Amino acid sequence: MHELSIVASIVDTVTESAAAYKGARVVEVRLRVGALASVVEDSLQFCYGIATEGTALEGSRLVVNVLPVVMHCVPCGADVELEGVQSFRCPKCGEPCFDLRQGRELEIEAIEIDEMDEVEEKR
Ligand SMILES: [Zn+2]
């Protein structure tokens, strides 16, 4: 299951970021996942529960924002959003598109951290 290795690397990255905040607890991790990234959200969620066990992320939420596929259409001279991943044709003019602008992303968009009460104010 390749989602597990994806989630494991996300957990590593977030753990490193969270380490800068002493005693902080990760509340939420938001991901941007392109429609062509070929990951299944259900699997991500399932693996997240396993991979976060015993880490600073345990009990946190995973939010997956799926990004639509965006291609640059030469005849239209514009970036167009495809309706699905089955057909790589411009929805406006019907010409095939090859210039992918968005859709393969798999990155952390935001991490929400709950700082504990005892955290001192930054000076
Ligand atoms: Zn077009």
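Residues numbered from 1 in each chain as written. Predicted model: local features only at pLDDT ≥ 70, side-chain atom pairs only at ≥ 80, totals over all residues. Heavy atoms only, no water.

Colleague: Quick question: what am I supposed to make of the coordination of the zinc ion here?
Modeller: For a metal with four donors in a tetrahedral arrangement, the ideal angle between donors is 109.5 degrees, while six donors in an octahedron ideally sit at 90 or 180 degrees. Donor atoms from the polypeptide that coordinate the zinc ion comprise C73 (SG), C76 (SG), C90 (SG) and C93 (SG), at 2.2 to 2.3 Å from the metal. For the zinc ion, the four donor atoms are set out with angles of 104 to 113 degrees between them, so the coordination reads as tetrahedral. Ordering the donors of the zinc ion by residue number gives the pattern C-x2-C-x13-C-x2-C. Linking C73 in strand β3 (residues 70-73) with C90 in the loop between β4 (78-81) and β5 (99-102), this pair joins segments that are 17 residues apart in sequence. (Donors = N, O, S within 2.8 Å, 3.2 Å for Na, K, Ca; no water. Tetrahedral: all angles 85-135°; square planar, octahedral: opposite > 155°, others 65-115°. Helix = DSSP H or I, 4+ residues; strand = E, 2+ residues; numbered from the N terminus.)

Colleague: Teacher, can you tell me more about helix α1 (residues 2-18) here?
Modeller: Along an α-helix, a turn takes 3.6 residues, which lines up residues three or four apart on a common side. For α1, which comprises 17 residues, the first-to-last C-alpha distance of 24 Å matches the rise-based estimate of 24 Å (1.5 Å per residue) to within 8%. By the burial criterion, the buried members of α1 are E3, I6, V7, I10, V11, V14 and A18. Along the axis of α1, the buried positions cluster into a sector of 140 degrees, meaning they face one direction only. The elements touched by buried residues of α1 are β1 (25-34), α2 (41-51) and β6 (106-114). (Expected span 1.5 Å × (residues − 1). Buried < 20%, exposed > 50% of the residue type's maximum accessible area, 1.4 Å probe, protein only. Arc of directions from axis to C-beta. Contact = heavy atoms within 4.5 Å.)

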